[in-house]
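# Residue-level structural notes
These are the residues of each chain, in order.
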Amino acid sequence: MSWRISICLKTPLTKLTLIFNGVSMTTNIEDIKKYEELSRLIEPEAERRQELLEEVNQYTEGFLETIHAKNAYIKEGPDGLDIRDAVIEEQGVDMEVILKLYKDNVEQQGINTVSGKFFGYIAPCSMFYSALGDYIAAITDPFSVDYAASPGAVHMEKMLLDWMADLVGYPAGVQGNLASGGSLATLICIVTARESHGLKARDFDKAVVYVTELTHHCLKKGLHVAGMGESVIRHVPVDDAYRMKADALAECIENDRQQGLRPWLVVGSAGTTDLGNVDPLDAIADVAAEQNIWFHVDGAYGGFFLLSDLVKDKFKGVERSDSVVMNPHKTLYTPFGLGAAIIKNGELLYKAHYYTASYLQDNYLEQDELSPADLGPELTRHFRALRLWLPLKLIGVAPFRAALSEKILLTRYAYEKMATQDGFEMGPYPELSTFAFRYLPAEGDIDEFNKRIIDELRKDGRIFLSSTVLDGKYMIRVNVLSYRTHLETIDLAIEVLNENIQKLV
Ligand SMILES: *Cc1c(COP(=O)(O)O)cnc(C)c1O
């Protein structure tokens, strides 16, 4: 191998030539300058930044100022198709054009989750304060997965995870991960549980997982993604309020052991998606301890209700679990993209996820803290902690406690108001902020009638309710969670519901 550099000795320097294995490579300084001019467009100057911020701010303020008047479901025009047609080109377009495309095609299409009149699925609602956190995170972009690269960012994440672990009642020694959501956080817990039980591929078709019919589907999906799709999933019987029967769990486990199977994981829901009901966590913990199986709690929806004195007793026993998932992007009002996995014995999380590579060998610090990269599947990722940390620091925890307690009471109020009205068959009394009901028409098919109620509500658009199936019956669900939902919103929602039912009877 040989190389030789020849430099054109004119001043200023215009050209560099390098002969590499007999081939001449030339770099013209002019070419560099030409590219530089265009590439500098990536960085706007201060004045331009102000202009752009003002334009964006005008748009977002317009959105926020009219949010209370907007429908919870919006269907206008051809399903956002203009975005597909507005292809990416060499030259950019004005911000005005971009914001209009966004408004017409994204903002004004589909479910409006940030409306206080949105009661579908789990009804989250992102906070303005989180947007500020995201803005700062995007501008400063710390490499938050690596302690040596960004120690403060990692401390922020760990502090938040410790705060959540404390809320759950875990002792010191936990580790966790701020993942993109509940499904990914659940996957992290499944992999940790799998590794800590020493399960290998040859064991998977004998490994048994215990859930109920109401356990979130991300558990089964997570098992599948973790390579354990062949494992046995046992649906443990539930009581009248759809909560797992702990004695039935013990029986199932005994039976499975007798058949030579390997019970290894039980999932308790701290707030199911369908009904918001909380499994008897303390009793499940007894069985899990006795049977030496991993106890995972799915608090993706309900976990942060631990902040409310009105319901925190329902979670007794959560502190005895091995792992828990909680979604700040549901019950703490961050934008979508934040779900926490917390593992009581943090070392197990590390053992299940640690990997390294030669290009990660540089260490700038006396390392005394595990990095998020060693505690989950991701490497480079969004600095998610700031969207939660900034709001919690800025306004404190008290408003969140109040918002969640308010939602509990509003849910009870809505349930009671509907229960006293003729025609409604109510599901179980709400434990958190969710309940289900159906309308019993004087004649005709009940399921069909309730589907038509949902169809009418979509056409109306003012409120949004979703549906589910319980014991084979089509049921309409109400989830009250938005910090924009207050007493008058509930009264309006029941009025709109009744109006739409009247159209059908
Ligand atoms: C939403 C939810 C999940 C899944 O969380 P994502 O953030 O949507 O992935 C898991 N469990 C329960 C109970 C949920 O409500």
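Residue indices follow the written sequence of each chain, beginning from 1 at its first position. Residues qualify for local features only when their pLDDT is at least 70, as the model is predicted, and side-chain atom pairs are given and counted only at 80 or more; totals for whole chains, interfaces and linings, by contrast, use all residues. Based on all heavy atoms of the structure, the side-chain values leave hydrogens and waters out of the count.

### Some words on the overall build of the protein
Stated precisely, the cut-off is as follows: Secondary structure follows DSSP: runs of H or I at least 4 residues long count as helices, runs of E at least 2 residues long count as strands, and numbering of each begins at the N terminus. Remark: exposure states derive from per-residue accessible area (1.4 Å probe, protein chains only) relative to the maximum for the residue type, with buried under 20%, exposed over 50%, and partly exposed in between. In this analysis, two residues are considered to be in contact whenever any of their non-hydrogen atoms come within 4.5 Å of each other. To measure how exposed things are, a 1.4 Å probe is used in the Shrake-Rupley method; for residues, cover is taken only from the protein chains shown. Asp and Glu count as negative and Lys and Arg as positive, but His and the ends of the chain are not part of the count. In this description, the location of a charge corresponds to atom NZ of lysine, CZ of arginine, CG of aspartate or CD of glutamate.
When you go through the protein residue by residue, the secondary structure sums to 16 helices and 16 strands. Dimensions of the protein, computed from C-alpha atoms along their principal axes, come out at roughly 95 × 55 × 40 Å. Taken across its 505 residues, the protein has 48% of its residues classed as buried. Taking the intrachain contacts of the protein between residues at least 6 apart in sequence as the baseline, contacts between residues at least 24 apart amount to 72%. Accessible area for the protein stands at about 25800 Å²; split by element, carbon and sulfur atoms hold 54% of it. Separation between the mean location of the 51 positive side-chain charges and that of the 73 negative ones in the protein comes to 2 Å.

### Side note on the side chain of Ser371
Note the threshold: Polar contact is the term for a pair of N or O atoms within 3.5 Å; when the atoms are in protein, one must be able to donate a hydrogen and the other to accept it, and sequence-neighboring residues count only if both atoms are side-chain atoms.
As for its position among the elements, Ser371 is in the loop between α12 (346–353) and α13 (386–395). There is a polar contact of 2.7 Å between the side chain of Ser371 and the backbone nitrogen of Tyr147. Among all residues touching Ser371, those that are not within four sequence positions of it are Val145, Asp146 and Tyr147.

### Comments concerning the site of the ligand
To be explicit about the condition: Residue proximity to a molecule or strand is established when one non-hydrogen atom of the residue lies within 4 Å of it. Each residue gets one of three labels, nonpolar for Ala, Val, Leu, Ile, Met, Phe, Trp, Tyr, Cys and Pro, charged for Asp, Glu, Lys and Arg, and polar for the others, Gly among them.
Not every one of the 14 residues close to the ligand is listed here, only the nearest: Gly182, Ser183, Asp298, His329 and Lys330. Within the side chain of Thr273, a nitrogen or oxygen atom sits 2.9 Å from an oxygen atom of the ligand. Starting from 380 Å² of accessible surface for the ligand in isolation, the protein chains cover 86%. The set of elements that each furnish at least two residues to the shell around the ligand consists of α7 (182–196) and α11 (328–331). Here the residues of the shell around the ligand are counted per class, giving four nonpolar, eight polar and two charged.

### Comments concerning the nonpolar core
Note the threshold: Put simply, buried Ala, Val, Leu, Ile, Met, Phe, Trp, Tyr and Cys residues joined by side-chain atoms within 4.5 Å make one nonpolar core. Segment limits for the domains were obtained from an automatic or database-derived domain assignment.
Within the largest apolar cluster, 71 residues are counted, with the highest numbers of intra-cluster contacts made by Met164, Tyr210, Leu249, Val266, Phe305 and Ile342. No other element matches the seven residues that helix α6 (residues 151–168) contributes to this core. Viewed by domain, this core spans two of them, domain 2 (44–112) and domain 3 (170–353), each represented by three or more residues. When sequence neighbours within four positions are dropped, the list of residues in contact with Tyr210 reads Arg234, Val236, Met244, Leu249, Cys252, Ile253, Asp256, Pro263, Leu265, Val266, Val267 and Ile293. Cys189, Leu265, Ile343 and Ala352 belong to the second largest nonpolar core, which has 28 residues in total.

### Observations concerning the pairing of strand β3 (residues 23–28)
Convention followed: Strand pairing is assigned whenever DSSP identifies at least 2 bridges connecting the two strands.
With six bridges connecting them, strand β2 (residues 15–20) and β3 associate as antiparallel partners. Each bridged residue has a counterpart across the sheet, and for Thr17 the counterpart in β3 is Thr26.

### Considering the layout of surface pockets
The condition is simple: Method remark: on a 1 Å grid restricted to protein atoms, a set of points is classed as a cavity if a 1.4 Å probe fits but cannot get out and as a pocket if it is open with protein on both sides within 12 Å along at least five of seven lines; lining residues have an atom within 4 Å of a point. Grid points are joined across faces, edges and corners, and a volume is the space filled by probe spheres set on the points.
Counted as a void, the largest pocket has a volume near 1300 Å³. Around the largest pocket sit 34 residues that line it, and Val56, Tyr59, Thr60, Tyr102 and Ala131 are the ones nearest its centre. Listed by contribution, the elements that provide at least two residues to the lining of the largest pocket are α2 (46–66), α4 (95–107) and α5 (128–140). Broken down by element, the lining of the largest pocket gets its largest block of residues, nine residues, from α2. Its residues assigned to classes, the lining of the largest pocket shows 23 nonpolar, seven polar and four charged. Split by domain, the lining of the largest pocket shows at least three residues from each of two domains, domain 2 (44–112) and domain 3 (170–353).

### Digging into the packing of α6 against α13
To keep it simple, the criterion reads: Whenever a helix is involved, its axis is fitted only over the stretch in contact; in every case the axis is a line through C-alpha atoms, and angles between N-to-C directions fall within 0 to 180 degrees. An angle below 35 degrees is treated as roughly parallel, one above 145 as roughly antiparallel, one from 65 to 115 as roughly perpendicular, and anything else as oblique. Here is the rule for handedness: rotate from the far helix to the near one, and if that takes an anticlockwise turn smaller than a right angle the crossing is left-handed, while a clockwise turn gives right-handed.
Orientation of α6 relative to α13, taken along the N-to-C sense of each, is 65°, at an axis distance of 10 Å. Taken together, α6 and α13 sit at an angle that is classed as roughly perpendicular. Where α6 crosses over α13, the two elements pack in a sense that is left-handed. Between α6, through Met156, Met159, Leu160, Trp163 and Met164, and α13, the contact on the second element is made entirely by Leu386, Leu388, Trp389 and Leu392.

### Focus: the environment of Arg477
Following the sequence through the fold, Arg477 ends up in strand β16 (residues 473–479). Along the backbone, Arg477 and Asp274 are 203 residues apart, and their C-alpha atoms lie at a distance of 7.2 Å. Here Asp274 takes part through its backbone oxygen, which lies 3.2 Å from a polar atom of the side chain of Arg477.

### Considerations on the packing of α5 against α13
Closest axis-to-axis distance for the α5/α13 pair is 7 Å, and the angle between their directions is 125°. Taken together, α5 and α13 sit at an angle that is classed as oblique. Here the hand of the crossing between α5 and α13 comes out right-handed. Residue-level contacts link Tyr129, Ser130, Leu132, Gly133, Asp134, Ile136 and Ala137 of α5 to Leu386, Arg387, Leu390, Pro391, Leu394 and Ile395 of α13.

### Comments concerning the domain arrangement of the protein
For interface size, the figure often reported is the accessible area lost on association. By the assigned domains, the protein splits into domain 1 (3–41), domain 2 (44–112) and domain 3 (170–353). Between domain 2 and domain 3, the C-alpha centre-to-centre distance is 40 Å.

### With respect to the pattern of salt bridges
What counts here: Salt bridges, as used here, are contacts in which a Lys or Arg side-chain nitrogen is within 4 Å of a carboxyl oxygen on Asp or Glu.
The final tally for this structure, using the stated rule, is 27 salt bridges. For Lys351, the salt bridge goes to Glu347, with nearest N and O atoms at 3.5 Å. Here Glu347 and Lys351 lie together in helix α12, a separation of four residues that amounts to about one turn. For Glu347, a relative accessible area of 48% translates into the label partly exposed.

### Details of the sheet that holds β16
As summarised here, the arrangement of the four strands in space is β13-β14-β16-β15, forming an open sheet in which the pairing is antiparallel. Only two strands of the sheet have a single partner each, and these edge strands are β13 (424–426) and β15 (466–470). Each strand axis lies, on average, 40° off the axis of its neighbour in the sheet, ignoring direction. When β15 meets β16, the two strands line up antiparallel, connected through five bridges. By the bridge assignment, Val469 is partnered in β16 with Tyr474. Running over the sheet, helix α14 (residues 398–419) touches β13 and β14 (434–439) and is turned about 20° from β14. Most of the contacts of helix α15 (residues 446–460) go to β16, to which it runs at about 35°, and overall it touches β14, β15 and β16.

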